[in-house]
Amino acid sequence: MKKILVVDDEPSLRDLVELVLKREKYEVATAADGKTALAMAEAFKPDLILLDIMLPDMSGHQVCKQLNTNKRIPTIMVTARHETIDKVLGLELGADDYVTKPFEIMELLARIKALLRRANKEEEAESITHLELKLDIANMAVYKNEEEIVLTAKEYQLLELMARNMRKTFSRDELLQKVWGYDYMGDSRVVDICIARLRKKIEDDSGSPAHIVTVFGLGYRFGG
């Protein structure tokens, strides 16, 4: 039984989502504020989090950032806001998807199932090594000179995709579709931002990268 943590300060919405998820045979825990959500994430160990952006003590963005500091938990942001910047920020901080209130419950369930399928695909006991960098695919971990590098969910997904396709050039649109999803409506610059952050973490010199290389006029590739 998959575990889902629902974080929302609206009792009626929180109770409704909990009821529907339990009918779908999910194990559910709830939280009404950010601090409780962080504590529940540690104790409950959810497979997925539904996280409202507007919380009374701290923003959902802040919660998402803290959650992704040391671990990767599939996260769907739930927001009443429609501004693209809020969605981009959430995705950049490690969220995997978002829904905007008011939402159809069937759409929410479909997004949950799709994200869980992606997150729980069959683990492959393999690794990818390039120079001093190593990707442990089975454990979704990245090491540089045998020291682990902490990445957000999106950073890891982007790196794994490119590393699995060594020396293949990806356009920004391809990366956007494959990592952020075909229904993502945000700015394609989110790819450049994510690449820049990855380079700071994995490259010796982010200005002269050895792993993620820019192919001018086309996009990016992994490997020289």
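The rules we used
Residues numbered from 1 in each chain as written. Predicted model: local features only at pLDDT ≥ 70, side-chain atom pairs only at ≥ 80, totals over all residues. Heavy atoms only, no water. UniProt positions renumbered as here; feature names shortened; annotations may be inferred. Helix = DSSP H or I, 4+ residues; strand = E, 2+ residues; numbered from the N terminus. Buried < 20%, exposed > 50% of the residue type's maximum accessible area, 1.4 Å probe, protein only. Polar contact = N/O pair within 3.5 Å; in protein donor to acceptor, adjacent residues only side chain to side chain. Pairing = 2+ DSSP bridges. Axes fitted to C-alpha atoms, helices over the stretch in contact; angles between N-to-C directions. Contact = heavy atoms within 4.5 Å. Lys, Arg positive; Asp, Glu negative; His and termini not counted. Salt bridge = Lys/Arg side-chain N within 4 Å of Asp/Glu carboxyl O. Phe/Tyr/Trp six-rings, centres within 6.5 Å; stacked < 30°, edge-to-face > 60°. Lys NZ or Arg CZ within 6 Å of the ring centre and 35° of its normal. Arc of directions from axis to C-beta. Parallel < 35°, antiparallel > 145°, perpendicular 65-115°, else oblique. Nonpolar A, V, L, I, M, F, W, Y, C, P; charged D, E, K, R; others polar.

- An unreviewed UniProt entry annotates the chain as Stage 0 sporulation protein A homolog originating from Ruminiclostridium cellobioparum subsp. termitidis CT1112.
- Within the UniProt record for the chain, the comment given under Function (unreviewed entry) is "May play the central regulatory role in sporulation. It may be an element of the effector pathway responsible for the activation of sporulation genes in response to nutritional stress. Spo0A may act in concert with spo0H (a sigma factor) to control the expression of some genes that are critical to the sporulation process."

### With respect to the overall build of the chain
Turning to step 1, where the next piece is worked out: Within the chain one finds eight helices and 11 strands.
Turning to step 2, where the next piece is worked out: Out of the 224 residues in the chain, the part that is buried amounts to 48%.

### Notes on the side chain of aspartate 52
Turning to step 1, where the next piece is worked out: Mapped onto the elements, aspartate 52 comes out in strand β3 (residues 48-52).
Turning to step 2, where the next piece is worked out: Residue aspartate 52 is classed as buried on the basis of its relative accessible area, which comes to 2%.
Turning to step 3, where the next piece is worked out: Within polar-contact distance, the side chain of aspartate 52 engages the side chain of lysine 101 at 3.5 Å.

### Some details on the sheet that holds strand β8 (residues 141-144)
Turning to step 1, where the next piece is worked out: Across the sheet, which stays open at both edges, the four strands sit in the order β6-β7-β8-β9 with antiparallel pairing between neighbours. The sheet is open, and its two borders are formed by β6 (127-130) and β9 (147-149), each paired with just one other strand. Between one strand and the next, the sheet's axes are offset by a mean angle of 25 degrees, whatever the strand orientation.
Turning to step 2, where the next piece is worked out: Two elements, β8 and β9, share three bridges in a ladder whose sense is antiparallel. Across the sheet, valine 142 pairs through a bridge with isoleucine 149, a residue of β9.
Turning to step 3, where the next piece is worked out: Strands β6, β7 (133-136) and β8 of the sheet are contacted by helix α6 (residues 153-164), whose axis makes an angle of about 105 degrees with β7.

### Topic: the UniProt feature "modified residue: 4-aspartylphosphate" (unreviewed entry) in the chain
Turning to step 1, where the next piece is worked out: Those residues carrying the UniProt feature "modified residue: 4-aspartylphosphate" (unreviewed entry) are Asp52 in this numbering.
Turning to step 2, where the next piece is worked out: For aspartate 52, the residues in contact, after removing those within four places along its chain, are Val7, Asp8, Asp9, Gly60, Val78, Thr79 and Lys101.

### Points about the environment of valine 63
Turning to step 1, where the next piece is worked out: Residue position: valine 63 is located in helix α3 (residues 60-70).
Turning to step 2, where the next piece is worked out: Residue classification places valine 63 among the buried positions, given a relative accessible area of 1%.
Turning to step 3, where the next piece is worked out: Once residues within four sequence positions are removed from consideration, valine 63 is found in contact with Gly34, Ala37, Leu38, Leu51, Leu55 and Met58.

### Things to note about the side chain of arginine 199
Turning to step 1, where the next piece is worked out: Structurally, arginine 199 is set in helix α8 (residues 189-202).
Turning to step 2, where the next piece is worked out: Salt bridges are absent for the buried arginine 199, whose nearest opposite-charge side chain, glutamate 203, sits at 5.0 Å.

### Re the packing of aromatic side chains
Turning to step 1, where the next piece is worked out: In this structure the tally under the stated criterion is zero aromatic pairs.
Turning to step 2, where the next piece is worked out: A cation over an aromatic ring shows up here: lysine 3 above the ring of phenylalanine 44, its NZ or CZ 5.3 Å from the ring centre.
Turning to step 3, where the next piece is worked out: Just above the ring of phenylalanine 170 sits the side chain of lysine 168; from NZ or CZ to the centre is 5.0 Å.

### As for helix α7 (residues 172-180)
Turning to step 1, where the next piece is worked out: All of the buried residues in α7 are Leu175, Leu176, Val179 and Trp180. All buried residues of α7 project into a common sector of 100 degrees when viewed along the axis, lining one side.
Turning to step 2, where the next piece is worked out: Downstream of α7 by one or two residues, glycine 181 has phi in the positive range, about 110 degrees.

### Here we look at the packing of α7 against α8
Turning to step 1, where the next piece is worked out: In the contact formed by α7 and α8, the axes pass within 9 Å of each other and the chain directions differ by 80 degrees. Here α7 is positioned roughly perpendicular relative to α8, judged by the angle of their axes. On the side of α7, the interface is formed by Arg172, Leu175, Leu176 and Trp180, while α8 contributes Val190, Val191, Asp192 and Cys194.
Turning to step 2, where the next piece is worked out: Classifying every residue of the contact of α7 with α8 by side-chain character gives six nonpolar, no polar and two charged.

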